[in-house]
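Tertiary structure, described
Listed below, chain by chain, are the residues.
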Amino acid sequence: ARSVCFTLLRFVRLISSPRRPVMLFLDDMQWADSTALDVIHTILADKMGTCVFFVGTYRDNEVQVGHDIFDLIERLEISNVRTTKLRLAGLNRDDLNTMISD
């Protein structure tokens, strides 16, 4: 796993720059294992030249207290990685009908 992490980190350093940051979007992160979350932390906390805009989503109704995703968020904050958390609620029936009727 360390060699994969190292290789990905080197690759992101190579292709990203302040003028051309890499955007990484990962959905359903509640299914990610601790190794995958470690790789994400390593890339985002890198101080040697990665320029990454990361968006990760998870379903809060599918994670419990103590889930590895919360550990990742805490470690990113400790590493001084700027984070923004958004909580999105589902659409109500009227809004959904309006959206699909257009």
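Rules used in this analysis
- Residues numbered from 1 in each chain as written.
- Predicted model: local features only at pLDDT ≥ 70, side-chain atom pairs only at ≥ 80, totals over all residues.
- Heavy atoms only, no water.
- Helix = DSSP H or I, 4+ residues; strand = E, 2+ residues; numbered from the N terminus.
- Rg over C-alpha atoms; globule rule 2.2 N^0.38 Å.
- Buried < 20%, exposed > 50% of the residue type's maximum accessible area, 1.4 Å probe, protein only.
- Core = buried A, V, L, I, M, F, W, Y, C linked by side-chain atoms within 4.5 Å.
- Contact = heavy atoms within 4.5 Å.

We now examine the overall build of the protein. Broken down by element type, the protein carries four helices and two strands. Taken from N to C terminus, the helices and strands of the protein fall in the order α-β-α-β-α-α. Taking 2.2 N^0.38 as the reference for a compact globule, 102 residues should give roughly 13 Å; the C-alpha atoms of the protein span a radius of gyration of 16 Å, well beyond that estimate. Referenced to the eigenvectors of the C-alpha coordinate spread, the extents of the protein come out at roughly 50 × 35 × 25 Å. By residue count, 23% of the 102 residues in the protein fall in the buried class.

It is worth spelling out the nonpolar core at this point. Within the largest apolar cluster, ten residues are counted, these being Met29, Leu37, Ile40, Leu44, Ala45, Val63, Ile69, Leu72, Leu76 and Val81. Of all the secondary-structure elements, those providing two or more residues to this core are helix H2 (34-44) and helix H3 (68-78). Among residues more than four places away in sequence, those in contact with Ala45 are Ser79 and Val81. Listed in part, the five residues of the second largest apolar core include Cys5, Leu9, Val12 and Val39.

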